[in-house]
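Chain residues, written in single-letter form:
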Amino acid sequence: MIYILRRVAFYLAAFFVAVTLNFFIPRIMPGDPSARIIASFQGRLNDAQVEAIRASYGTTGSLWEQYIGYVGQVLRMDFGISTVQFPEPTSSLLFYGATWTLVLVGIAITLAFLIGTMMGIHAAWNRGGFFDSVFTPINVMLNAFTPAVVALLLFYAFSLQLQWFPLGRAHSTGLVPSWDPQFIGNVLYHATLPVLSILIVSFGGWHLGMRNVMINLLNEDFVILARAKGLSDRRIRYRYVARNAILPQITSLALSVGFLLGGALVTEQVFNYPGLGKFTVTAIESRDYSFIQAQLLLLTMSALVANLLSDIANVILDPRLRKG
Amino acid sequence: MADITHTPPLTLLDRLDEAAIASAAPSQAELMRELRIKGRPGWTSKLPPSLAAFVTNPKGMTGVIVLLGLILFALLGPVFSEYNPQRRAGKPHVAPGYEHVMGTTRMGKDVYTQLAYGGRMSLAVGFGAGLAAALIGLAVGISAGYFGGRIDDVLTFLVNVVLVLPGLPLIIVIASLVDSAGPLVIGIVLALTGWGWPARTIRTQTMSLRTREFILAAELMGEKKWRIILKEIFPNMLSFFMGGLVLGTIAAILAEAALSFIGLGDSNAVTWGTMLYWAQNNMALQVGAWWEIWPPAIAIMLTGAALVMINFAVDEITNPQLKASRKIGRIRRFLARRGRSADVF
Amino acid sequence: MYSDRVLMQVRNLTVDYVGDHSVARAVNGIDFDIREGEAFGLAGESGCGKSTVAFALARLTRLPGLVSGGEVRLNGEDVLKFDKARLKAYRWNEVSFVFQSAMNALNPVIPVSEQIMDVIETHQPDLGAEGARKRASELFDLVGIPSRRLDDYPHQFSGGMRQRICIAIALALQPRLIIMDEPTTALDVVVQRDIIEQIVELKGRLGFSVLFITHDLGLMIEFCDRIGVMYSGELVEVAPAEAILTNPRHPYTRALGNSFPPLIGPRLRMEGIPGTPPDLRSLPEGCRFAPRCPHAMDVCRSVAPELRAYPELRSEAACHLLN
């Protein structure tokens with residue numbers, strides 16, 4: 001319990017660092033931030049929009065007062081008014097996009113973790129064999145392929161040429177979001193290619209990670225003892241080796257969430273998928289700073305929550321962390 | 001406890017019965033021949049051991065050769081081109097041919113010229129950011145691991161913050177505030193967000209090294225701290241530094257491509273990432289101009305693959321257990337030939 | 001205390017470590033017997049191959065190690081030729097193992113009960129989970145740990161208790177041979193005593209043989225019936241423990257004895273053995289100890305001596321001096 005509390009304290013501190021960065025980065029740029037932002041629109045804003053920007057980059061009061069005000073806004077989840085989709089509040093756009101990104105990244109990360117980890121177990125167990133010699137390098141190389149290319153190729157081949165999959169969107173127009181199987185099936189159909197492109201560039205990391213940790217564990221006395229005991233291969237592999245090797249994998253899984261959420265950007269752009277990444281790209285093009293900043297905070301929060309979940313999982317799986 | 005009254009020991013002849021003689025092992029030289037192990041090439045004997053291990057590692061050397069090829073292409077490629085990468089050089093979307101080896105873009109720019117100049121930028125950003133991140137990681141990791149105490153607490157906190165904060169979204173915030181994020185800005189930001197992993201690895205390694213006898217001995221002899229770090233610790237961290245450099249470079253090249261691809265980069269700069277950006281914007285695949293998209297795509301993938309190969313080699317050097325698995329097949333066959341089950345583990 | 005019936009015959013056993021560019025011969029064609037009910041010790045400096053022998057006997061050699069030749073016979077069957085099924089029956093039923101570090105020998109993330117019960121359930125499936133658990137708590141009693149702690153995790157026990165648990169696991173199937181590789185090295189002296197006494201007591205009661213490995217020659221002489229002294233992968237002397245102490249034949253045994261303080265009597269000056277063992281990748285001709293041997297003769301540098309029996313001395317030794 002103390003362990004978890006310590007971790008929570010750390011995540012709060014880390015979140016605070018992100019909020020502070022978010023506050024100071026625009027302000028260390030030369031000039032008045034709101035004036036700069038307003039200027040970049042070259043008079044395409046109406047008065048209400050100008051006011052909204054002024055409010056969210058409140059240049060009234062001392063820096064300290066501004067900072068306190070900003071922190072207050074963040075804690076209320078008030079990220080101001082979107083300058084692009086005026087007068088939508090930024091937070092509602094943000095959460096709409098986040099939902100779809102969560103669908104995409106959630107499915108992709110789960111599949112990548114499971115597939116990569118199972119392949120890693122297999123490769124480590126039969127190391128030096130055919131599977132290990134051929135697929136370990138290939139899978140890891142896929143990991144170093146840029147998501148942009150993989151997504152473009154999948155889009156070109158299966159959406160444009162073969163037309164097996166739709167050209168964009170999260171679900172067919174005209175369908176009302178609900179939990180009925182038809183709608184869920186439609187969502188999965190639309191998510192297939194985006195998920196696949198994230199999957200292709202990410203499962204190799206889990207494969208290599210699991211393989212290397214497993215191979216190192218094979219040298220541990222407790223694994224040698226398990227062998228000496230004449231236990232079945234299956235039992236040694238899962239209960240003695242993989243059971244221990246999974247612990248660092250879970251920590252890496254949490255650390256990769258932030259990275260993958262960022263990576264979804266490119267995929268959503270290619271597949272025209274209405275997630276956070278797609279909105280962020282639009283926000284970048286139209287210099288909607290309140291959205292850009294809010295997405296950083298939201299993604300930071302998601303990454304921290306993922307890390308907290310992994311800590312809890314580790315406490316459940318590792319009795320050594322449970323005492324105290 | 002020892003019982004003194006017992007039978008006389010066996011004689012040598014009792015021992016070496018026929019079965020025992022028949023099962024005798026081959027000599028070391030014969031064994032090396034059977035397992036196809038070659039002696040260390042003579043020219044590597046002057047190299048430091050970890051470098052010698054690297055240059056005899058087939059995976060690592062393949063990666064190095066491919067990477068050197070790419071670098072050479074980026075450096076010398078422009079020499080063979082009469083075009084300017086940013087200027088119109090011909091008609092739009094000319095297929096590869098004599099005039100344009102890799103065709104032209106929708107804007108009529110020469111793809112070969114762009115690829116070579118873009119390679120300079122992309123590789124410079126990638127290696128620059130990777131190197132800077134690995135250096136920061138090295139400095140932070142060694143300081144935290146060696147000095148311990150307060151310094152370690154503060155640095156470890158920083159490392160953990162850098163690790164949990166999502167890098168790409170942070171880069172987007174910074175890059176979007178700068179009017180046009182050129183390759184230099186992107187490189188600096190990537191370096192500042194990418195040093196978490198190498199710092200963590202090197203801190204752990206330094207901590208385990210810190211308690212070793214030769215470090216303690218140097219301290220007892222009154223050696224200055226910075227000298228111990230430089231002379232005793234740094235050389236042992238080289239391979240971990242190399243690992244950080246390689247992984248950091250992969251991450252930076254991919255991130256640069258991703259950022260440019262979504263239009264955050266300076267779209268006037270020529271990098272492999274912006275080439276992809278324009279290819280996507282120009283619907284190159286849709287109109288069948290595959291030559292606009294394949295060259296930068298393949299270049300990025302080749303770079304990634306080469307770096308992955310190098311990383312495999314670095315892994316095998318820092319972790320000999322990984323390398324041992326390469327010989328497993330030959331050992332299996334050795335045992336099978338002698339009628340022995342091969343439960344090699 | 002022990003019979004003359006031989007339990008295990010080790011013949012011409014050779015183990016190599018396969019490197020990238022070389023082969024290191026860690027064990028070079030050694031022969032010895034372990035008799036029923038005896039405690040046989042293997043002594044020698046670190047790196048002499050004694051643990052390598054132990055792992056080979058238990059069929060636990062792992063990469064980059066390779067048992068490249070020889071036989072390990074148990075009742076005439078060659079252990080090294082066992083197929084999968086026979087090997088499974090051999091493991092733990094006939095030979096079990098106690099490691100140096102009990103902390104590392106127990107899986108840190110599963111309860112110790114599971115680590116005792118899994119071996120019982122694997123080899124005696126008809127006992128069922130219920131029976132296996134009953135047997136596990138009997139084993140805990142045997143080594144003096146309250147059976148209510150059966151479901152605790154390894155980190156919840158002290159070092160000595162963990163080693164007792166490892167011994168309990170080793171006894172689970174009542175094997176005929178237990179290999180103990182430095183079983184007490186990681187423990188403090190008082191706990192070390194307790195553990196050794198417990199092993200002696202259990203051995204007397206259950207009648208298993210022990211292959212005992214330690215670098216502590218004093219402890220070994222006290223615990224073992226016979227001792228084999230290894231140098232650079234070869235056995236240089238095999239003799240009753242008492243003879244090793246009072247009448248060592250091989251110069252290396254003598255030097256080794258001098259480098260340890262005696263258990264009883266005045267503390268004498270400890271003499272290290274000058275020099276270092278040879279490089280196992282390229283071994284010298286002749287006797288491997290010759291470069292460090294104070295009595296080396298010309299013949300020692302050209303002809304390797306073989307292990308020969310000297311019944312009148314009640315020992316076997318490999319040294320030209322004795323001829």
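Whatever comes next refers back to the structure up there.
As a starting point, this report considers the structure included with it. This structure is a prediction, so every number in the text was calculated from the model and none was measured.

### Quick word on the overall build of chain C
Along chain C, the regular secondary structure elements total 10 helices and 12 strands. The C-alpha radius of gyration of chain C comes to 20 Å, within 12% of the 20 Å expected for a compact globule of 323 residues. By its C-alpha atoms, chain C is 65 × 50 × 40 Å across when sized along the principal axes. In chain C, of all internal contacts separated by at least 6 residues, the share reaching a separation of at least 24 is 63%. When the accessible surface of chain C is split by element, carbon and sulfur atoms take 51% of a total near 12,300 Å². Once the 35 positive and 41 negative side-chain charges of chain C are each reduced to a mean point, those two points are 1 Å apart.

### Structural notes on the environment of N75 of chain C
Residue and element names in this part refer to chain C. Along the chain, N75 turns up in the loop between β4 (65-74) and β5 (77-78). Sequence separation between N75 and Q9 is 66 residues, and the spatial gap between their C-alpha atoms is 8.4 Å. With sequence-adjacent residues up to four places away left out, N75 is seen in contact with L7 and R176.

### Some details on the sheet that holds strand β1 (residues 6-18) of chain C
Across the sheet, 4 strands lie side by side as β2-β1-β4-β5 (chain C); this open sheet has antiparallel pairing. Each edge of the open sheet is held by one strand with a lone partner, namely β2 (23-35) and β5 of chain C. Pairing of β1 of chain C with β4 of chain C, which is carried by 8 bridges, proceeds in the antiparallel orientation. Across the sheet, residue V10 of chain C finds its bridge partner in β4 of chain C, namely V72 of chain C. Contacting β1 and β4 of chain C, helix α16 (residues 328-337) of chain B runs over the sheet at an angle of about 30° to β4 of chain C. Together, β1, β2 and β4 of chain C form the strand contacts of helix α1 (residues 50-57) of chain C, whose direction differs from that of β1 of chain C by roughly 115°.

### Re the interface of chain A and chain C
Across the contact, 24 residues belong to chain A and 29 residues belong to chain C. Taken over both partners, the interface formed by chain A and chain C buries close to 2,400 Å², and the fraction arising from carbon and sulfur atoms is 57%. When the area that chain A buries against chain C is broken down by residue, the three leading residues are L225, R227 and K229 of chain A, summing to 25%. Linking chain A to chain C there are 4 salt bridges. A salt bridge links K229 of chain A to D118 of chain C; its shortest N-O distance comes to 3.2 Å. Put simply, chain A and chain C have 12 residue pairs in polar contact (both at pLDDT 80 or more) between them. At 7 residues, the largest contribution of residues to the side of chain A that touches chain C is made by helix α10 (residues 233-271) of chain A. For the side of chain A that touches chain C, the per-class residue count stands at 9 nonpolar, 3 polar and 12 charged.

### As for the interface of chain B and chain A
Listed per partner, the contact involves 48 residues of chain B and 61 residues of chain A. Applying the counting rule to chain B against chain A returns 0 salt bridges. Applying the counting rule to chain B against chain A returns 1 residue pair in polar contact (both at pLDDT 80 or more). Listed by contribution, the elements that provide at least two residues to the side of chain B that touches chain A are α7 (149-164), α8 (167-177), α10 (196-210), α12 (225-261), α13 (272-281), α14 (290-318) and α15 (320-324) of chain B. The element that contributes the greatest number of residues to the side of chain B that touches chain A is α14 of chain B, accounting for 11 residues. Each residue belonging to the side of chain B that touches chain A can be placed in one class, and the counts come to 36 nonpolar, 8 polar and 4 charged.

### A short note on a nonpolar patch on the surface
Residue and element names in this part refer to chain B. On the surface, L72, L75, L76, V79 and F80 cluster together into a nonpolar patch covering about 550 Å² of accessible area. By the secondary structure assignment, F80 is in the loop between α5 (58-76) and α6 (111-147). Exposure remark for F80: the relative accessible area of 67% places this residue in the exposed category.

### Considerations on the environment of E285 of chain A
Of note, E285 of chain A is situated in helix α11 (residues 276-285). Sequence separation of E285 of chain A and S232 of chain A is 53 residues, and the distance between their C-alpha atoms is 59 Å.

### Focus: the packing of aromatic side chains
Tallying each qualifying case throughout the model produces 27 aromatic pairs over all chains. Judged by centre distance (5.0 Å) and plane angle (0°), the ring pair of F32 of chain C and F40 of chain C falls under stacked. F40 of chain C carries the same exposure label as F32 of chain C, and that label is buried. Taking 6.1 Å as the distance between ring centres and 50° as the angle between the ring planes, the aromatic pair formed by F55 of chain C and F99 of chain C counts as tilted. Here F99 of chain C lies in the loop between β6 (95-98) and α3 (102-105) and F55 of chain C lies in helix α1, a separation of 44 residues in the sequence. Grouping aromatic residues by their ring pairs yields a cluster made of F23, F24, Y67 and Y70 of chain A. Directly above the aromatic system of F312 of chain B lies the positively charged group of K59 of chain B, at a separation of 4.8 Å from the ring centroid. In this arrangement the basic side chain of R62 of chain C is found over the ring face of F55 of chain C, its NZ or CZ atom lying 5.3 Å from the centre.

About the thresholds
In this numbering scheme, every chain counts its residues from 1 along its sequence in written order. To read the labels, note that chains go from A and ligands from 1, taken in the order they are written. Note on the predicted model: pLDDT of at least 70 is required for a residue's local features to be given, and 80 or more for side-chain atom pairs to be given and counted; whole-chain, interface and lining totals, by contrast, use all residues. Each side-chain value is derived from all of the structure's non-hydrogen atoms; neither hydrogens nor water enter the calculation. Here a helix means four or more residues in a row that DSSP labels H or I, a strand means two or more in a row labelled E, and each is numbered from the N terminus. For the radius of gyration, the atom set is restricted to C-alpha positions; the globular benchmark scales as 2.2 Å times the number of residues to the power 0.38. A contact between two residues is defined here by any heavy atoms of the two lying within 4.5 Å. With residues, only the protein chains shown are counted as cover, and all accessible areas are computed by Shrake-Rupley using a 1.4 Å probe. In this tally, Lys and Arg are treated as positive and Asp and Glu as negative; His is ignored, and so are the chain termini. By convention, charge coordinates are those of NZ in Lys, CZ in Arg, CG in Asp, or CD in Glu. Here, any two strands with at least 2 DSSP bridges between them count as paired. Fitted lines through C-alpha atoms serve as axes, helices being fitted only where they are in contact, and the angles separating the N-to-C directions of these axes extend from 0 to 180 degrees. Accessible surface is computed with a 1.4 Å probe, and the buried area is the amount of it that two parts give up when combined, taken over both parts together. Only one rule defines a salt bridge in this text: a Lys or Arg side-chain nitrogen within 4 Å of an Asp or Glu carboxyl oxygen. Distance and chemistry together define a polar contact, namely a pair of N or O atoms within 3.5 Å, with one atom able to donate a hydrogen and the other to accept it when in protein, and with adjacent residues in sequence counting only for side-chain atoms on both sides. Classification convention: Asp, Glu, Lys, Arg as charged; Ala, Val, Leu, Ile, Met, Phe, Trp, Tyr, Cys, Pro as nonpolar; all other residues, Gly among them, as polar. A patch consists of residues exposed above 30% relative accessible area that lack any salt bridge, with like charges linked at up to 9 Å and nonpolar side chains (Val, Leu, Ile, Met, Phe, Trp, Tyr) linked at up to 5 Å. Each residue's exposure class comes from its accessible area (1.4 Å probe, protein chains only) as a fraction of the maximum for that residue type: buried when under 20%, exposed when over 50%, partly exposed otherwise. Note on ring pairs: Phe, Tyr and Trp rings are taken, using the six-membered ring of Trp, and paired if centres are within 6.5 Å. Classes follow the plane angle, with under 30 degrees stacked, over 60 edge-to-face and the rest tilted. Only when the NZ of Lys or the CZ of Arg is both within 6 Å of the ring centre and within 35 degrees of the ring normal is a charge said to sit over the ring.

The quantities given are spatial measurements derived from coordinates; they are silent on function.
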